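Notes for the structure review
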Amino acid sequence: MTKQPQDQSLAHLHLLVSGASVAGPALALQLARRGARVTVVERAPALRPGGFAVDFRGHVHRKVLQDMGIWEEVHARQTHMGVQTLVDADGSPRIELPAAMMSGDVEIARGELAAIMYERTRDLPHVTYVFGDSVASLHETPTGVDVTFEKGAPDTFDLVVGADGLHSRTRALAFGDESRYLTYLGYCVAGFDVPNHLGLDRTARIHSDPGRMVGIGNADGVPSHAGATLVFSSPERLDFDRRDLAQQQKILTERFRGMGWEAPRVLEALGGLTSVDELYFDAIAQIHVDRLSVGRVVLVGDAGYGATMGGMGTGAAVVAAYVLAGELAAAGGDHRTAFAAYEAAFGDFAKGCQKIAGNAGPFLAPPTARKIRQRDLTYRMLSARPLAGFFKKLTEKAATDIVLRDYP
Ligand SMILES: Cc1cc2nc3c(=O)[nH]c(=O)nc-3n(C[C@H](O)[C@H](O)[C@H](O)COP(=O)(O)OP(=O)(O)OC[C@H]3O[C@@H](n4cnc5c(N)ncnc54)[C@H](O)[C@@H]3O)c2cc1C
């Protein structure tokens with residue numbers, strides 16, 4: 001059969017992308033350069049700052065960042081995180097984890113990465129960012145998707161992309177209730193900025209007691225602030241309103257009450273937060289969907305295959321954006337062909353990244369003192385020079401387990 005030449009420009013398409021963190025702006029960038037008209041709707045009132053350092057590793061991530069034209073800027077704004085130290089309750093060091101083991105080839109704060117992609121796309125004539133709004137309903141017709149918003153006027157789009165994270169509204173509307181797709185892994189994680197009381201400079205300290213972990217790190221060398229990470233085990237999935245700051249502050253305060261080391265000062269900083277957008281608080285969970293698309297609606301990033309922690313969600317999100325936009329271009333905008341090819345090229349890769357992530361909770365906050373000692377022993381072995389290389393290779397294997405096509 002002779003292959004028909006395709007129209008490779010996407011200028012005839014108007015896409016709605018829900019979510020402006022990593023996956024959304026990455027896709028907007030990839031689509032806009034091919035001429036598509038893109039509207040990105042983000043529920044937060046502005047691009048959300050914060051989030052921890054995320055890293056890229058191996059040739060696949062590098063190729064995608066280079067293709068997007070942001071490789072140099074990611075390097076220019078990278079964190080240079082050094083050694084991370086496990087400490088006792090009195091702050092005395094126990095084990096040092098080398099940077100090579102923890103930080104990939106290049107590490108950058110999530111907010112900085114989102115800002116780079118946002119800055120590259122926000123002034124393009126055919127890209128529009130709408131903040132402070134959310135999709136309210138989706139209705140697919142033979143020619144497009146009729147969308148209503150919580151605040152803005154209804155509109156019709158050719159395609160709708162869910163890049164709105166683990167608790168994706170787009171997925172709930174098009175695929176069905178979250179409970180069908182989300183597997184809770186028994187732990188929760190929170191992150192927010194704190195004053196740099198410890199005077200950290202591109203280092204981090206981590207303290208665990210049974211079922212809880214507090215980490216404080218300064219990744220960018222800016223002396224005034226640091227980032228706190230809290231992880232705790234909770235066999236029951238917590239039910240809370242993600243837009244209710246006070247409720248989340250209360251949960252975290254109760255969970256970390258009585259913990260030693262810097263926990264009291266971290267909780268004090270938590271109490272001082274004034275906007276829910278300054279706090280990242282979520283279940284450690286994974287998303288498993290049968291297919292990444294339904295009709296004209298498709299998922300990228302955590303919305304489709306999220307793993308919360310350790311699953312290289314950021315790397316996977318930029319790779320997904322590359323593949324999805326590329327397949328759309330290769331198919332001349334025909335979404336049926338493109339979505340099927342995206343799924344075939346990307347689905348197994350995403351699953352491989354998720355597998356790596358499964359153990360993040362118990363590893364960071366082991367449930368008993370004995371398990372903490374066992375974990376420390378593992379860390380000690382892994383941080384020895386030859387094994388640090390092995391650990392890096394293991395994660396790099398998942399991060400490179402895809403053959404990327406060169407798209408038009
Ligand atoms: C502020 C912040 C901090 C984070 N911190 C960490 C961290 O410390 N550790 C970690 O492992 N992961 C963290 N993440 C998640 C991490 O960014 C993702 O795992 C990964 O980068 C993939 O990104 P994503 O764009 O698919 O999803 P996400 O980064 O989760 O982004 C989803 C975006 O969609 C927006 N959104 C949600 N619902 C709607 C809606 N109904 N309508 C419109 N927009 C909506 C959100 O505000 C967010 O901007 C954080 C995410 C954010 C937004």
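A brief report on the enclosed structure follows. (Residues numbered from 1 in each chain as written. Predicted model: local features only at pLDDT ≥ 70, side-chain atom pairs only at ≥ 80, totals over all residues. Heavy atoms only, no water.)

1. Observations concerning the pattern of salt bridges
- Here the structure, examined in full by the defined rule, presents 21 salt bridges.
- As a salt-bridge pair, D209 and R212 come within 3.1 Å of each other at their nearest N and O atoms. Each member of the pair, D209 as well as R212, is classed as buried.
- Across the pair D348 and K351 runs a salt bridge whose closest N-O atoms are separated by 4.0 Å. Taken together, the positions of D348 and K351, both in helix α11 (residues 335–357) and three residues apart, correspond to about one turn of that helix. Each member of the pair, D348 as well as K351, carries the same accessibility label: exposed.
- Each of the salt bridges in this network shares a partner with another, and the network as a whole consists of E73, R77, E112, E119 and R120. (Salt bridge = Lys/Arg side-chain N within 4 Å of Asp/Glu carboxyl O. Buried < 20%, exposed > 50% of the residue type's maximum accessible area, 1.4 Å probe, protein only. Helix = DSSP H or I, 4+ residues; strand = E, 2+ residues; numbered from the N terminus.)

2. Here we look at the site of the ligand
- Surrounding the ligand, one finds 27 residues, the nearest of these being S21, E42, F52, D302 and T308.
- Contact distances for the ligand include 2.6 Å between an oxygen atom and a side-chain N or O atom of S21.
- V22 has a polar backbone atom sitting 3.1 Å from an oxygen atom of the ligand.
- Bound to the protein, the ligand loses 93% of the 910 Å² it would expose on its own.
- Only β2 (37–42) and α10 (313–330) provide two or more residues apiece to the shell around the ligand.
- Classifying every residue of the shell around the ligand by side-chain character gives nine nonpolar, ten polar and eight charged. (Near = heavy atom within 4 Å. Polar contact = N/O pair within 3.5 Å; in protein donor to acceptor, adjacent residues only side chain to side chain. Areas by Shrake-Rupley, 256 points an atom, 1.4 Å probe, with all protein chains shown as cover. Nonpolar A, V, L, I, M, F, W, Y, C, P; charged D, E, K, R; others polar.)

3. Brief notes about the side chain of N196
- Assignment of secondary structure puts N196 in the loop between β12 (182–195) and β13 (203–209).
- Apart from residues lying up to four places away in sequence, N196 is in contact with N218, V222, P223, S224, H225 and A226. (Contact = heavy atoms within 4.5 Å.)

4. Describing the packing of aromatic side chains
- Within this structure, the stated rule accounts for eleven aromatic pairs.
- Site record: aromatic cluster; members linked through ring pairs are F232, F240, F256 and F281. (Phe/Tyr/Trp six-rings, centres within 6.5 Å; stacked < 30°, edge-to-face > 60°.)

5. So, the sheet that holds strand β10 (residues 155–157)
- Here three strands make up an open sheet; going across it, the order is β8-β9-β10 and the pairing antiparallel. Edge strands, defined here as strands with exactly one partner in the open sheet, are β8 (135–140) and β10. The mean angle between the axes of side-by-side strands here comes to 30 degrees, regardless of whether they run parallel or antiparallel.
- Alignment of strand β9 (residues 145–149) against β10, held across three bridges, turns out to be antiparallel. Note on β10: the bridge partner recorded for D146 is T156. (Pairing = 2+ DSSP bridges. Axes fitted to C-alpha atoms, helices over the stretch in contact; angles between N-to-C directions.)

6. A short note on the nonpolar core
- Among the nonpolar cores identified, the biggest contains 117 residues, and L328, Y342 and F346 are the most heavily contacted of them.
- Residue contributions to this core peak at twelve residues, all from α10.
- If sequence neighbours within four positions are ignored, F346 has contacts with L292, Y305, A316, V319, A320 and I402.
- Within the second largest apolar cluster, 14 residues are counted, among which are I95, Y187, V189 and A360. (Core = buried A, V, L, I, M, F, W, Y, C linked by side-chain atoms within 4.5 Å.)

7. Considerations on unusual backbone geometry
- Within the chain, H80 stands out as a residue other than glycine whose phi angle is a positive 60 degrees.
- By the element assignment, H80 lies in the loop between α3 (71–76) and β4 (84–87).
- Even without a glycine there, the phi angle at W261 is positive, about 55 degrees.
- According to the relative accessible area criterion, W261 is buried, its value standing at 15%.

8. Examining the sheet that holds strand β17 (residues 293–294)
- Ordered in space as β7-β2-β1-β11-β18-β17, the six strands form an open sheet in which the pairing is mixed. Each edge of the open sheet carries a strand with a single partner, namely β7 (127–131) and β17.
- In this sheet, strand β18 (residues 297–299) lies alongside β17 in antiparallel orientation, the contact comprising two bridges. Opposite S293, over in β18, you have V298 as the bridge partner.
- Docked against the sheet, α11 engages β11 (159–162), β17 and β18, running at close to 20 degrees with respect to β18.

All quantities given are derived from atomic positions and should not be read as evidence of function.
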